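# Fold and contact review
What follows is the residue order along each chain.
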Amino acid sequence: MISVKLILLCVEVFLLVLFLFPIILDVLNFGNIAGGIACAIMLIVTIFDKQFFSLVTFLWQSPPGRVLVIFVGAIIAVGVVLAVVLSALMIKAQHNKSAGDTTVIVLGCKVKGKRPSRMLRYRLDKAYEYLCENEDAVCIVSGGQGNDELISEAECMYGYLVGKGIESKRIIKEDKATSTEENLKLSKKIIDERSLTTSVSIVTDGFHQYRASYIAKKCGYKRVYALCAYTKWQYIPSYWVREWAAILNEWLK
């Protein structure tokens, strides 16, 4: 019979590989690091479970040790509750589907040479799908030019959508933004100047939708809907955990 310890070890190893695998694909962020460290700690505790519980028992026998155990336990409990709450908000935001008659805002992402990265291409494909279904919709492609990019993200996105058959007059370039907040602030300025509807559909990855909509509402958008691009499963854990930290940072601003 398979022991509980063996099952835990298998799960923990799988999660550790899941967090570390994107590094091979040139994705290294807070999510990789935090997730990898958490999985490594759980793995060590599971392997040395007897020694771990002996240490906890030893610490519990003295007042300072008891305070330390309670403090660490409280930190872990709060972390778990936060992770559950943030994940619930992120999942809910993904299902806030567009009701039509909205201005589309595509949030920029990495450009490789003059071509969109895989993640950006998936966002553009989602925008293309919506624009084909809603022929009167206008699209703002938002993203500046990074130091390692040959053209701005907006220029790349514009060329991609036009190349797929979307009329150029339906696409507006915002090529100055360097963050999600700037994406939405500068796009809002364009919307106001051109008297476009402030009901918007934001095109980005699902894990990013809650934070994007939260920032958009702070910027004064009337209604905010989600158009979630496809995200490859192997990237989700790292970006999901990274997003927890980004949301908390946004709340504290």
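Residues numbered from 1 in each chain as written. Predicted model: local features only at pLDDT ≥ 70, side-chain atom pairs only at ≥ 80, totals over all residues. Heavy atoms only, no water.

### With respect to the overall build of the protein
- Counting its regular elements, the protein contains nine helices and seven strands.
- Dimensions of the protein along its principal axes, counting C-alpha atoms only, are 70 × 40 × 35 Å.
- Burial statistics for the protein: of 253 residues in total, 42% are counted as buried.
- Within the structure as shown, the protein displays about 14300 Å² of accessible surface, and the carbon and sulfur contribution to it stands at 64%. (Helix = DSSP H or I, 4+ residues; strand = E, 2+ residues; numbered from the N terminus. Buried < 20%, exposed > 50% of the residue type's maximum accessible area, 1.4 Å probe, protein only. Areas by Shrake-Rupley, 256 points an atom, 1.4 Å probe, with all protein chains shown as cover.)

### Focus on the packing of helix α1 (residues 4–24) against helix α2 (residues 30–47)
- At a minimum axis separation of 9 Å, α1 and α2 run at an interaxial angle of 160°. Considered as vectors, α1 and α2 are oriented roughly antiparallel to each other. Classified by chirality, the crossing of α2 by α1 is left-handed. On α2, the residues that touch K5, L8, L9, E12, V13, L15, L16, F19, P22 and I23 of α1 are G31, N32, G35, G36, C39, A40, M42, L43, T46 and I47.
- Here the residues of the contact of α1 with α2 sort into 13 nonpolar, five polar and two charged. (Axes fitted to C-alpha atoms, helices over the stretch in contact; angles between N-to-C directions. Parallel < 35°, antiparallel > 145°, perpendicular 65-115°, else oblique. Left-handed = near helix turned anticlockwise from the far one by under 90°. Contact = heavy atoms within 4.5 Å. Nonpolar A, V, L, I, M, F, W, Y, C, P; charged D, E, K, R; others polar.)

### Let's talk about the sheet that holds strand β6 (residues 199–205)
- If you trace the five strands from one edge of the open sheet to the other, you get β5-β4-β1-β6-β7, paired in parallel fashion. At either end of the open sheet lies a strand with only one pairing partner, and these are β5 (171–174) and β7 (223–229). In this sheet, adjacent strand axes meet at a mean angle of 25° when their direction is disregarded.
- Summarising the sheet, β6 and β7 pair through seven bridges and their orientation is parallel. Residue pairing in the sheet places S201 in a bridge with Y225 of β7. (Pairing = 2+ DSSP bridges.)

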